[in-house]
Each structure stands twice: as C-alpha cells, then as structure tokens.
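# Structural features, examined
As a plain string of letters, each chain reads:
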Amino acid sequence: MDATMFAPQLDHLAERGYRAIACNSRVLTAEPEAHTLGDLVKDCRALLDDLDIGKCVLAGMSVGGFMALEFALAHPERLHGLIVIAATSLGYTAEEREQYHREFGKLDVDGMLPRAFAEWTAPYCFGATTLAHNRPLVDHWIERWTATIPARAVLYQGRSWIDKEDITQRLATVPVPAPVIHGEEDVPIPIERALPMVDALPDATFTHIPGAGHSVNLEAPAAVNAAIARFLGRLDLS
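Residues numbered from 1 in each chain as written. Predicted model: local features only at pLDDT ≥ 70, side-chain atom pairs only at ≥ 80, totals over all residues. Heavy atoms only, no water.

## Let's talk about the packing of aromatic side chains
- For the structure on display, the rule yields 11 aromatic pairs.
- For the ring pair Y92 and W161, a centre distance of 5.6 Å and an interplane angle of 50° mean the geometry is tilted. Residue Y92 is found in the loop between β2 (79–85) and α4 (94–105), and its partner W161 is found in helix α8 (residues 151–161); the two are separated by 69 residues along the sequence. Each member of the pair, Y92 as well as W161, carries the same accessibility label: buried.
- Their ring planes at 80° and their centres at 5.1 Å tell us that Y100 and W161 sit as a pair that is edge-to-face. One end of the pair, Y100, is in helix α4; the other, W161, is in helix α8, and 61 residues separate them in sequence.
- Here the aromatic cluster, defined as three or more aromatic residues joined through ring pairs, consists of F66, Y92, Y100, F104, F117, W120, Y124 and W161.
- The ring of F66 is capped by K164, whose NZ or CZ atom sits 4.5 Å from the centre of that ring. (Phe/Tyr/Trp six-rings, centres within 6.5 Å; stacked < 30°, edge-to-face > 60°. Helix = DSSP H or I, 4+ residues; strand = E, 2+ residues; numbered from the N terminus. Buried < 20%, exposed > 50% of the residue type's maximum accessible area, 1.4 Å probe, protein only. Lys NZ or Arg CZ within 6 Å of the ring centre and 35° of its normal.)

Have a look at this one:
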C-alpha cells in the first residue's frame, strides 16, 4: 500500500492538533530496487533529519511495523513512543519463506501489479468481516494496486521482510512506551504471533480489534484512532 492507507489516522490526528506525517516506501518514490529493513530504517532517519524532527512517535503497520521495531533498536533517542500495528518481532518459518518467495517471485515483471496477484493477496490484507461486509474497501485497494503500484515495488518490498530475523529477545532494550494494535482476523500475522513482542517490550500495551484483519487501521479506523489517541494523551510531547 502507499501512504494514503493512513488517511483515517492523519485526519483524526490533525483534527486534534498533532503534526502527523505519512511517507511512501522507497520502492514507490524511485525505481524499485533490492533493499533491507535496515535501509528503510535509514530512510526513516533521513526523513526525520530532513524535516528537522528531533523526536517523534513512530507508527508502523505490517512491514512498516517491522521497520519501526528495528528503528527503535537502532535509534531509541529519536523516539517519544512506538506504535506497532499488525506486525511481529518473530521470523517466518522455512515453509512460509518458501511460499512467500515463490509468490512474490512472480512479480519480476514490467508494469503495474498483476490483477491475479492483487486478488490473491486481498484475503491476506483484509479480514473475513471486511471481505464479507465492506467489499468497496477491498475493491478500492485492488484497483489502486493494479493501477498505481509497480509489480517490482511489491517484489522488492516483500524481499525486504520475508527472511527477517527474530528480534524478540532484543526488544528488552527499547526504552519507550509501545502500544501494539492488532486485528483479531489477521491472517498473515495471527494474534498469537504478536504476543511474544508484547511480552518482550518493557512498556507495551495490547489492543486487539474485533472484526478486522491485517489492514486493521483501514478496516476499523475508529477503534484504531481511539487507541492511538489514548496513547498520545499519556505522553509528554513537549
């Protein structure tokens, strides 16, 4: 997805006087190329530097959450807090890695994301409730993916996280509060794969959202916005 996926959160936060910024991954701002989660951490740090932001509350969803966890380990001094949405600190099994590499490998082609891949990934990106009762949201993203997202952008972004390491044991060093937000119907990262991360972070809270899948911030924006607002309300951001 692109930065428009955070529109519900940006609007909600702006209405409450926060400065909220969403950014596109490097694969959507230049010719897609191979990169790592570490490269995305560098991109995030460079963006903060460019915008003259000393410290922020960093929120990441899915691969953005993977990056945000790595960022917190590398640059804790730049954070007031860390919001982890639909992510895990665990690695993937050999079987999962093989499947993901096989499916994402089909995207080494010119042009936009093939519709067949978009249709395949929709049940991973959205929960059963959304698929059954909010089809316009699903169709919006299928159309957006196939019209605006290069196939190789998805290929290289997938390769950045498929082989990621299990960093759970390292999270004890993260010094900032970290709410974890997760949809109960998340298929690619079931709730039980988020719980070790919650246990490992020194100051974590866990919010599970009923009736929402992996794209929980789009599927249940009111509930996610409320969780974020509660967290920000307890921080001293001066």
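## Considerations on empty space enclosed by the protein
- In the structure shown here, the tally under the stated rule is 1 cavity of 30 Å³ or more.
- Put simply, the largest cavity is a space of about 40 Å³.
- Lining the largest cavity, in full, are L37, F66, L69, E70, T88, K164, E165 and I167.
- With 3 residues, the top contributor of residues to the lining of the largest cavity is helix α3 (residues 63–74). (1 Å grid on protein atoms, 1.4 Å probe; cavity = no way out; pocket = protein on both sides within 12 Å on 5 of 7 lines; lining within 4 Å. Points joined across faces, edges and corners; volume = space filled by probe spheres on them.)

## Some details on the pairing of β2
- The element β2 is extensively covered by neighbouring structure, given that 6 of its 7 residues are classed as buried.
- In this sheet, β2 lies alongside strand β1 (residues 56–61) in parallel orientation, the contact comprising 6 bridges. Considered in β2, the bridge of V57 is made with G81.
- Chirality of the crossover, the property in question, places the unit of β1, α3 and β2 among those that are right-handed.
- Where β2 meets strand β3 (residues 178–183), 2 bridges bridge the pair, whose relative direction is parallel. (Pairing = 2+ DSSP bridges. Right-handed = clockwise from strand over helix to strand, strands pointing away.)

## Considerations on the packing of helix α5 (residues 115–125) against helix α7 (residues 135–148)
- Here α5 crosses α7 at 140°, and the two axes come no closer than 10 Å. The orientation of α5 relative to α7 falls into the category oblique. Crossing of α5 over α7 shows right-handed handedness. Between α5 and α7, the contacting residues are R115, A118, E119, T121, A122 and C125 on the first element and R135, V138, I142, E143, W145 and T146 on the second.
- Across the contact of α5 with α7, the residue classes tally to 6 nonpolar, 2 polar and 4 charged. (Axes fitted to C-alpha atoms, helices over the stretch in contact; angles between N-to-C directions. Parallel < 35°, antiparallel > 145°, perpendicular 65-115°, else oblique. Left-handed = near helix turned anticlockwise from the far one by under 90°. Contact = heavy atoms within 4.5 Å. Nonpolar A, V, L, I, M, F, W, Y, C, P; charged D, E, K, R; others polar.)

Taken by themselves, the reported measurements are silent on function.
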